[in-house]
Amino acid sequence: MARDEQSLPEKLISGVPPALRAVTGQWGERLLSQHARLPSSGEHLATLARLVATSEFAGSVLLRNWDWFQSALARGDFRKPPAAREIDDFVTELRSGDSQEGAIKGRLREFRNRRLLHILWRNIDGSADLAEALMSLSQLADGMIAAAEGCSRRLLEDRFGTPRDANGDPLPLVVLAMGKLGGYELNFSSDIDLVFLYRGEGESDGARKLSAHEYFTRQARLLIMLLEEVTADGFVYRVDTRLRPFGESGPPVTSFVSLESYLLQHGRGWERYAYIKARVVTPPGDADVVRELMHDIIEPFVYRRYLDYGVFESLRDMKSLISAEVKKRELASNIKLGPGGIREIEFIAQSLQLVRGGSNPALRSPQLQKVLPALAGKHGLAAAAVRELLQAYVCLRRFENALQAINDRQRHDIPRDPVEQARLALALGHGSWESLHEELLAQRACVSRHFDNLLFGLRDDASASGLSRALVTLWESDAGEDEWQAALHAHGYRDAGELASTLVKFAKTSIGSRMDKTAERRLGRLMPLLLRELENRQHPARTLERNLRIVSQILRRSAYLSLLIENPAVLGRLVALCEESAYLAEEIARYPQLLDELFDPRLSSASITAAAMRADLDDRLRNIDEADSERRIETLGQFQRANLFRIAVADHSGNLPVMKVSDRLTELAELVLVQALDTAWSDLTKKHGFPICSTPEGERPAGFGIVAYGKLGGMELSYRSDLDLVFLHDSAGERQQTDGRNALDNSVFFSRLATRLTHFLTTQTASGALYEVDTRLRPSGRSGLLVSSVDGFERYQEDNAWTWEHQALLRSRPVAGDAVIAREFERIRSETLRFRVRRAALRDDVLSMRDKMRTELDCSSKDNFDLKQGSGGIADIEFLVQYLVLQNAAEHPAVIHYPDNIRQLGTLGAAGCLAERDVVSLQQIYKAYRLCLHRLALDEQAPLVAHGQFADERQFVAELWQREFS
């Protein structure tokens, strides 16, 4: 008989809201009827009261396990998170024991319930955050699955033996966790989504033999029964296997080969989405299984190698189904499936993972709370959106767990019962249900907003303008040139005739390109959108032609068509760039993956720095094995191409001054050189060891360095510039050999290193070649060694270098490799330019070389002026500066300090070798020439301007030239 409230222990119910005092008091009566005693600690008693008040499940577990609970409390077990080691010990004990089916079920359920009580206690007393709770719940499930797998196998081995492959090696049952368990995000009372697999065919070795498939089918069924059968002690987990190949109609277990075949032939968009969260649970820690299953089979299915915009359509369909389900079903109060629910947050994250995970390994985690922050910025979500979604996720998942903990049921609907509402408010630290409900509404509204704004939103075709409908009709009806011209002219398009002609020619060409049906459908959707973008352009015909070159290149990679269809802002940026820059249009046509760069609206205004580029490269390489040189160089190519494009856009928009453009292009090349050298060095040292040389002072490592000449050396790199490189080493002494098993002479090692580095830089990959490399400026040119010793390089400069080589040396500097070699090169350069220049013949040598170049290379005419080679142009300024620096280097060493023209001019002025006003004028003229040259390069035009352009500047340079060389 229940006592009245006044006779109950006041301490137990004093901190409980009035609505929950009755249920808490009833539990206390039941406990006292067992002659049990309440905890003496006031803190423990308060937590116990809140726990019992908020969870009927916890109350019942406590009543059945009171002595265990009191002991755990006394030991302080609940002061720290549940230890994974305790699960491992339990699994090992149960798997290695001799318990039969009934006892196994009892042990599993007892351990599960006690562990859940531990997790709930820490949630209620505020010790655990959501991340701890989800991880603890997931680790518990992993352990229970491992225990059930081991016990089910032991029970079968008694009758059928061990399944083995053709080599006699044991075959394990591989359990793949999907869904929330796969992402270490399990609910308090969640189903577990499992797929059962085995590596290969074989049979068991017992008295009664079974095929591997039959054996593992029996084991999977037994494992499921051990977990989900409801006994007097409850259940462990409900198991859902519908995500296996062919779903409910498919076999319960599948071989790796069959899974791979299924995914390749039958895998659908929603399955790619689902397999994002796939994770191997058993056998635990088997690296071979993980590599073969996850890296070789599942990841290639889920993540395409490059940005996967082709998935947009299937994701949009999935989004439509989600929205339709919400409207059709009564889901308004469902925090998982309803509007603004958990599923919408998951869809946002996993959709962007599918699109971008192939090119960014950092996005391949199954854990949503790790993935969302990685999606911030250029990866698809604004930083503010990420913060809001994470906040909403924490709120909704905490509510979900508290709801399910009430009575250990998988529930997602917001309760209407006042007692349950009071339980949830207390569990989640709210003073009232109204306060909690208001927070839920606000968080769900925030999620709905982001879900509706997702890139994959549906267009409302009914609202399309008359022009849009007309363009669709013309394209779908295969209209002729006259029809196109009339329609475009009627809607005010410039160049209507040229546009019509270009469209008809493209339509005929595209029809003959053997597009598949998907690409044909996407092209039909894109063309009207593209034409709409041309409506008010100044040069629509030129712009259309450039855009169609890009479209032609992506017809057979039609995922990129989806990118443009689904993202009007990206299409608008593409059209704008193509209108102004043939170079940028050509770059995108050659490397369509650059379309991803157009996602960032800050593209033309973003700050580009060496530090930002270095961070970008580090981010791209972070998850790539150092031994995988092919993939590292491919990634290096993607990095170089993307940053080259960003620099060109900033240059084109005027946000990056011409000298800064050269700086950024130079810094980009240096980053690429350093990384390519590191990769080549790593490859060779793994095979042959490190180069060592013996000297009178003892053994020391031999170093390798790269010296840049020309535009890279002078920090004036331009688009598509070659890299003029010279390779040096400092190996010397009697013994010069690598220290590996497969040893090489150091000279051979360094030659192979330079060859491999050059191969990395010049080989065509999917991202194009990194750079063209020219090594003809090495000592003795093509007839000389590819890699020179530092001593040999110095001897050559002393005895054999020509004046033109001294001119080249002015524009040289070390850019990669060993610091000792860099210092030695700087010494040799300084001494050579100061003391080894034949100054008596300098004037005649420089004039002779300039006359020869002008005769062979000057493309000026009566109508055009050659910016580079014409009289008074860039080359004249460069030769004039080189002559003055070489002439004065002995007396004024400071003039050789810098390798670039602008700063060399500055040192000439500071040393009094050239009048300051002449210095300033030459610097301004040189910058103006360079800016014009950049603009021409961006529009793929030759370095020619109208003959009258730069007339005053050319005259000034010519007069100064005449004065200095007279």
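Residues numbered from 1 in each chain as written. Predicted model: local features only at pLDDT ≥ 70, side-chain atom pairs only at ≥ 80, totals over all residues. Heavy atoms only, no water.

**Observations regarding the nonpolar core**
Going by this rule: Residues belong to a common nonpolar core when they are buried Ala, Val, Leu, Ile, Met, Phe, Trp, Tyr or Cys residues joined through side-chain atoms within 4.5 Å. For every residue, the accessible area (1.4 Å probe, protein chains only) is compared with the maximum for its type, and the residue is labelled buried under 20%, exposed over 50%, or partly exposed between those bounds. Any two residues having at least one pair of non-hydrogen atoms within 4.5 Å are treated as being in contact.
Residues L176, Y275, L293, L372 and F399 are the most contacted members of the largest nonpolar core, which totals 139 residues. For Y275, the residues in contact, after removing those within four places along its chain, are L176, M178, V195, L243, L259, L263, I298, F301 and V302. L523, I554, Y560 and A585 belong to the second-largest nonpolar core, a separate cluster that totals 103 residues.

**Overview of the packing of aromatic side chains**
Going by this rule: Note on aromatic pairs: the rings of Phe, Tyr and Trp (six-membered ring only in Trp) are paired at centre separations within 6.5 Å, and the planes decide the class, stacked below 30 degrees, edge-to-face beyond 60, tilted for the rest. Strands are runs of DSSP state E lasting at least two residues, helices are runs of H or I lasting at least four, and both sets are numbered from the N terminus onward. Whether a charge sits over a ring comes down to the Lys NZ or Arg CZ being within 6 Å of the ring centre and within 35 degrees of the ring normal.
Inspection of the entire model under this criterion finds 27 aromatic pairs. Note on F347 and F451: the rings are 5.9 Å apart at their centroids and 70° apart in plane angle, and the pair reads as edge-to-face. One end of the pair, F347, is in helix α15 (residues 342-356); the other, F451, is in helix α19 (residues 433-452), and 104 residues separate them in sequence. Each of the two residues, F347 as well as F451, counts as buried. On the numbers, 5.5 Å between centres and 80° between planes, the contact of F749 with F750 is edge-to-face. An identical accessibility class is assigned to F749 and F750; each is buried. An aromatic cluster of three or more residues is present, and its members are W27, W66, W68, F69, F78 and W121. In this arrangement the basic side chain of R112 is found over the ring face of F235, its NZ or CZ atom lying 4.9 Å from the centre.

**Some thoughts on the side chain of R154**
Heads up, the rule is: In this count, Lys and Arg are taken as positive residues and Asp and Glu as negative ones, while His and the chain termini are left out. We count a salt bridge whenever a side-chain nitrogen from Lys or Arg sits within 4 Å of a carboxyl oxygen from Asp or Glu.
Position of R154 among the secondary structure elements: in helix α8 (residues 130-160). D158 provides the closest opposite charge to the buried, unpaired R154, separated from it by 5.2 Å. Not counting the four nearest positions on each side in its chain, R154 is found in contact with L94, R95, G97, D98, S99, Q100 and I104.

**Some remarks on helix α4 (residues 56-64)**
Turning to α4, its buried residues are F57, A58, G59, V61, L62 and L63. On the buried face of α4, the contacting elements are α2 (18-33), α3 (42-54), α5 (66-75), α7 (101-124) and α17 (383-405).

**Some words on the pattern of salt bridges**
Note on pairing: side chains with opposite charge can pair once their charged atoms come close. What the rule picks out here adds up to 60 salt bridges. Across the pair D191 and R238 runs a salt bridge, and its minimum N-O distance is 2.7 Å. Residue D191 is found in the loop between α9 (179-182) and β3 (192-198), and its partner R238 is found in the loop between α10 (212-228) and β5 (239-240); the two are separated by 47 residues along the sequence. Measuring nitrogen to oxygen at the nearest pair gives 2.5 Å for the salt bridge that ties D774 to R776. Overall, D774 belongs to the buried group, its relative accessible area being 13%. Among the ionic contacts, a cluster of salt bridges with common partners joins E794, E798, E824, R827, E831 and R836.

**Thoughts on unusual backbone geometry**
Omega for the bond connecting T282 with P283 falls within 30 degrees of zero, at -5°, which places this linkage in the cis form. The backbone phi angle of D408 is positive, close to 55°, even though this residue is not glycine. With respect to the element layout, D408 can be found in the loop between α17 and α18 (418-427). For D408, a relative accessible area of 9% gives the class buried. Of note, F950 is a non-glycine position whose phi angle comes to about 60°, a positive value. Residue position: F950 is located in the loop between β17 (944-946) and α40 (951-965).

**A short note on the environment of Y273**
Position of Y273 relative to the elements: it lies in helix α12 (residues 269-275). Considered as a pair, Y273 and Y303 are 30 residues apart in the sequence and their alpha carbons are 9.7 Å apart.

**Some thoughts on the sheet that holds strand β9 (residues 698-701)**
The criterion, for reference: At least two DSSP bridges between two strands are required for those strands to pair. Note on definitions: angles span 0 to 180 degrees between N-to-C directions of axes, and those axes are lines fitted to C-alpha atoms, for helices only across the stretch in contact.
Strand order in the open sheet formed by three strands is β9-β8-β12, with antiparallel pairing between adjacent strands. Of all strands in the sheet, those bounded by a partner on one side alone are β9 and β12 (736-738). When the angles between neighbouring strand axes are averaged without regard to direction, this sheet yields 30°. Helix-sheet contacts for helix α32 (residues 746-762) involve β8 (691-695) and β12, and the interaxial angle to β8 is about 145°.

**What about the pairing of strand β2 (residues 173-178)?**
Burial runs high along β2: six of the six residues are buried. Residues of β2 alternate between two faces, with L173, V175 and A177 on one and V174, L176 and M178 on the opposite face, all of them buried. Bridging between β2 and β3 involves six bridges; their strand directions are antiparallel. What sits directly across from V174, in β3, is L197.

**A short note on a negative patch on the surface**
Heads up, the rule is: The residues that make up patches have over 30% relative accessible area and no salt bridge, and they are joined within 9 Å when like-charged or within 5 Å when they are Val, Leu, Ile, Met, Phe, Trp or Tyr. Note on areas: Shrake-Rupley, 1.4 Å probe, and residue coverage restricted to the protein chains presented here. Lys charges are placed at NZ, Arg charges at CZ, Asp charges at CG and Glu charges at CD.
Together, D625, E626, D628, E630 and D678 give the surface a local cluster of negative charge. Residue position: D625 is located in the loop between α28 (610-621) and α29 (629-653).

**Observations concerning the side chain of T635**
Relative to the helices and strands, T635 is located in helix α29. Relative accessible area serves as the criterion here: at 8%, T635 is assigned to the buried category. Apart from residues lying up to four places away in sequence, T635 is in contact with R620, L621 and I624.

**Concerning the environment of S55**
Looking at where S55 falls in the secondary structure, it is placed in the loop between α3 and α4. Judged by relative accessible area, which is 2%, S55 ranks as buried. Considered as a pair, S55 and Q404 are 349 residues apart in the sequence and their alpha carbons are 8.8 Å apart. Leave out the neighbours within four places in its chain, and S55 touches L120, A405, I406 and R423.

**Focus on the packing of helix α24 (residues 540-554) against helix α27 (residues 582-590)**
Which entries qualify depends on this criterion: Here the angle decides the label: under 35 degrees means roughly parallel, over 145 means roughly antiparallel, 65 to 115 means roughly perpendicular, and every other value means oblique. Each residue gets one of three labels, nonpolar for Ala, Val, Leu, Ile, Met, Phe, Trp, Tyr, Cys and Pro, charged for Asp, Glu, Lys and Arg, and polar for the others, Gly among them.
In the contact formed by α24 and α27, the axes pass within 8 Å of each other and the chain directions differ by 10°. One way to sum up the angle between α24 and α27 is to call them roughly parallel. Across the interface between the two elements, R546, R549, I550 and Q553 from α24 touch A582, A585, E586, I588 and A589 from α27. Among the residues forming the contact of α24 with α27, the class breakdown is five nonpolar, one polar and three charged.

**Some thoughts on the packing of α3 against α4**
For the pair α3 and α4, interaxial distance at closest approach is 5 Å and the crossing angle is 120°. In this view, α3 runs oblique relative to α4, as classed from their interaxial angle. In this structure, α3 contributes L48, L51, V52 and T54 to the contact, and α4 contributes E56, A58 and L62. For the contact of α3 with α4, a count of residues per class yields five nonpolar, one polar and one charged.

**What to know about the confidence of the model for the chain**
Our working definition: The predictor's confidence in any single residue is recorded as pLDDT, a number from 0 to 100.
On average, residues of the chain score 89 in pLDDT, and 95% of them reach the 70 mark or higher. Contacts from residues 1-8, a stretch scored under 50 in pLDDT, to residues over four places away or in other chains number eight contacts. A low-confidence stretch, residues 455-464 stays under pLDDT 50, and its non-local contacts, those more than four residues away or across chains, total 23 contacts.

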